[in-house]
Amino acid sequence: MAVDKKYEADVAVILSHRYDQGGTLWDTPDHRLQKGAPFSTLDCVSYLLELGMDPEDPILKEAADLILSAWQEDGRIRLYPKGSIYPCHTACAAQVLCHLGYANDGRLQTTFRYFLDTQYPDGGWRCRKFSFGHGPETEYSNPHPTLLALDAFRFSDYLNREPALDRAVEFLLEHWTIRKPIGPCHYGIGTLFMQVEYPFRNYNLFEYVYILSFYDRARKDPRFLEAFHELEARTVNGQIVVERVVPKLAKLTFCKKGGAKRTGDKALFGNTKSFYIDYPILSHRNGSSVNSR
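Worth saying up front: this structure is predicted, and the values here are computed from it rather than measured.

Calculation criteria
- Residues numbered from 1 in each chain as written.
- Predicted model: local features only at pLDDT ≥ 70, side-chain atom pairs only at ≥ 80, totals over all residues.
- Heavy atoms only, no water.
- Helix = DSSP H or I, 4+ residues; strand = E, 2+ residues; numbered from the N terminus.
- Contact = heavy atoms within 4.5 Å.
- Areas by Shrake-Rupley, 256 points an atom, 1.4 Å probe, with all protein chains shown as cover.
- Core = buried A, V, L, I, M, F, W, Y, C linked by side-chain atoms within 4.5 Å.
- Buried < 20%, exposed > 50% of the residue type's maximum accessible area, 1.4 Å probe, protein only.
- Phe/Tyr/Trp six-rings, centres within 6.5 Å; stacked < 30°, edge-to-face > 60°.
- Lys NZ or Arg CZ within 6 Å of the ring centre and 35° of its normal.
- Salt bridge = Lys/Arg side-chain N within 4 Å of Asp/Glu carboxyl O.
- Axes fitted to C-alpha atoms, helices over the stretch in contact; angles between N-to-C directions.
- Left-handed = near helix turned anticlockwise from the far one by under 90°.
- Nonpolar A, V, L, I, M, F, W, Y, C, P; charged D, E, K, R; others polar.
- 1 Å grid on protein atoms, 1.4 Å probe; cavity = no way out; pocket = protein on both sides within 12 Å on 5 of 7 lines; lining within 4 Å.
- Points joined across faces, edges and corners; volume = space filled by probe spheres on them.

Participant: Just give me the short version of the overall build of the protein, but keep the residues and values in it.
Facilitator: For the protein, the helix and strand inventory stands at 12 helices and 2 strands. Helices (α) and strands (β) of the protein occur, in sequence order from the N terminus, as α-α-α-α-α-α-α-α-α-α-α-β-β-α. Considering only contacts in the protein between residues 6 or more positions apart, those separated by 24 or more positions represent 63%. Total accessible area computed for the protein in this model is approximately 12500 Å², and 50% of it derives from carbon and sulfur atoms.

Participant: Outline the nonpolar core, listing residues and values.
Facilitator: L100, L150, F153, Y208 and L212 are the most contacted members of the largest nonpolar core, which totals 88 residues. Among the elements that make up this core, the one with the highest residue count is helix α7 (residues 163-178) (8 residues). Aside from chain neighbours lying at most four places away, what touches L100 is V45, L49, P55, L60 and A64.

Participant: Lay out helix α3 (residues 58-68) in plain terms, naming residues and giving numbers.
Facilitator: Turning to α3, its buried residues number three or more, namely I59, L60, A63, A64, L66, I67 and L68. Buried residues along α3 sit against α1 (8-16), α2 (41-50), α4 (87-99) and α5 (106-117).

Participant: Requested: an account of the packing of aromatic side chains, with residues and values cited.
Facilitator: Two measures describe an aromatic ring pair: the distance that separates the ring centres and the angle between the ring planes. All told, the structure shown has 20 aromatic pairs when counted by the stated rule. Taken together, the aromatic side chains of Y47, Y198, F200, F206, Y210, F214 and F254 make up a single cluster linked through ring pairs. Lying over the aromatic face of Y120, R126 brings its terminal NZ or CZ to 4.5 Å of the ring centre. In this structure, R179 packs its charged tip against the face of W176, placed 4.2 Å from the ring centre.

Participant: Any details on the environment of G23? Residues and values, ideally.
Facilitator: Within the secondary structure, G23 sits in the loop between α1 and α2. According to the relative accessible area criterion, G23 is buried, its value standing at 10%. Put simply, G23 and L33 are 10 residues apart on the chain and 10.0 Å apart in space, counted from C-alpha to C-alpha. Ignoring sequence-local partners within four residues, the contact set of G23 consists of R18, T28 and P29.

Participant: Describe the pattern of salt bridges, and please don't skip the residues or the numbers.
Facilitator: One pass over the full model with this rule turns up 16 salt bridges. For R217, the salt bridge goes to E170, with nearest N and O atoms at 2.4 Å. Of this pair, R217 sits in helix α10 (residues 216-219) while E170 sits in helix α7, and the two are 47 residues apart along the sequence. With a relative accessible area of 30%, R217 lands in the partly exposed category. Here E174 and R223 are joined by a salt bridge, their closest N and O atoms 3.2 Å apart. In this pair, E174 is assigned in helix α7 and R223 in helix α11 (residues 222-233), connecting sequence segments 49 residues apart. On the basis of relative accessibility, which here comes to 33%, the residue E174 falls in the partly exposed class. The structure contains a network of salt bridges with shared partners spanning E170, E174, R217, D221 and R223.

Participant: Before we move on, can you summarise the packing of α3 against α4 with the specific residues and values?
Facilitator: Where α3 contacts α4, the axes come no closer than 11 Å and their chain directions differ by 145°. In this structure, α3 meets α4 at a crossing whose hand is left-handed. Here A64, I67 and L68 of α3 lie close against α4, whose contacting residues are A93, V96 and L97. Grouping the amino acids of the contact of α3 with α4 by side-chain chemistry returns 6 nonpolar, no polar and no charged.

Participant: How would you sum up the layout of surface pockets? Please name residues and give values.
Facilitator: Of the pockets and cavities examined, the largest pocket occupies roughly 840 Å³. In terms of lining, the largest pocket is formed by 38 residues, of which the most central are Q34, C92, H144, L148 and R201. For the lining of the largest pocket, the secondary-structure elements that each account for two or more residues are α2, α4, α6 (143-153) and α8 (191-194). Its residues assigned to classes, the lining of the largest pocket shows 21 nonpolar, 10 polar and 7 charged.

Participant: Describe unusual backbone geometry, and please don't skip the residues or the numbers.
Facilitator: Here the amide bond leading from A37 into P38 is cis, since omega sits at 10°, within 30 degrees of zero. For P38, the position within the fold is in the loop between α1 and α2. Between Y198 and the following residue, P199, the backbone shows a cis peptide bond with an omega angle of 0°. Locating P199 in the fold gives a position in the loop between α8 and α9 (205-212). Although it is not a glycine, W26 sits at a positive phi angle of roughly 65°. Its place among the elements puts W26 in the loop between α1 and α2. At R179, a residue that is not glycine, the phi angle is positive and equals roughly 70°.

Pasting the structure below:
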């Protein structure tokens, strides 16, 4: 799908940052792929896809090759040249690669197997980096990396067929009940979570509802429906309005806080009701909207 003319200036801004860190694709000379937020390699590839750029575009093909060059034989993906490879690193990279169309690539199939083999007993995924110390809450998985892993898995044949993914969905639905910060990285459901954020960068209500809506295990669950209705309650005239955006992205049209809405695009969240959406994310991802899956 081609980029809408009204977003062409946004694409130009994103492309203008590609050499900022000394690399050629928003990376550093030693290929740190998640450094420089909100204009890291993974961030910018995601934005361009959101805006409708064809995954076959030369710059996205180059970016895909760069990310795949960080893939390891065991399925993990190294985002930094040194140090540990955490599940969140692999989840972030796998998610982007799946949006680029690589879900059926043999390397991604190994990555999916890596996730299934390393799932924590509570159903999610977690690292052993305890920046906030140890406590009962850190015995849980990390909710946001778990959500990102599910976003990658939704492009695969495992979607709605693999019991392990149902357990991951259940873990996230249970977090809706727990609310408190959990996991080694302390992800909570509070004021900031409830603010609609776009593009998806942090654990928040819009991302939570959107990704879980692809999973049959979630769609009819009362906890998911409660989250959905929380999001619905934040719409204005049936349209989702951005409430929080990273300051450095605030001037971009596609994610402008409280910006003008495009009518006519309907997105169906699971088997719940439809309402109008403004943002490219729900109509441009792989050329389809939620209700086409």
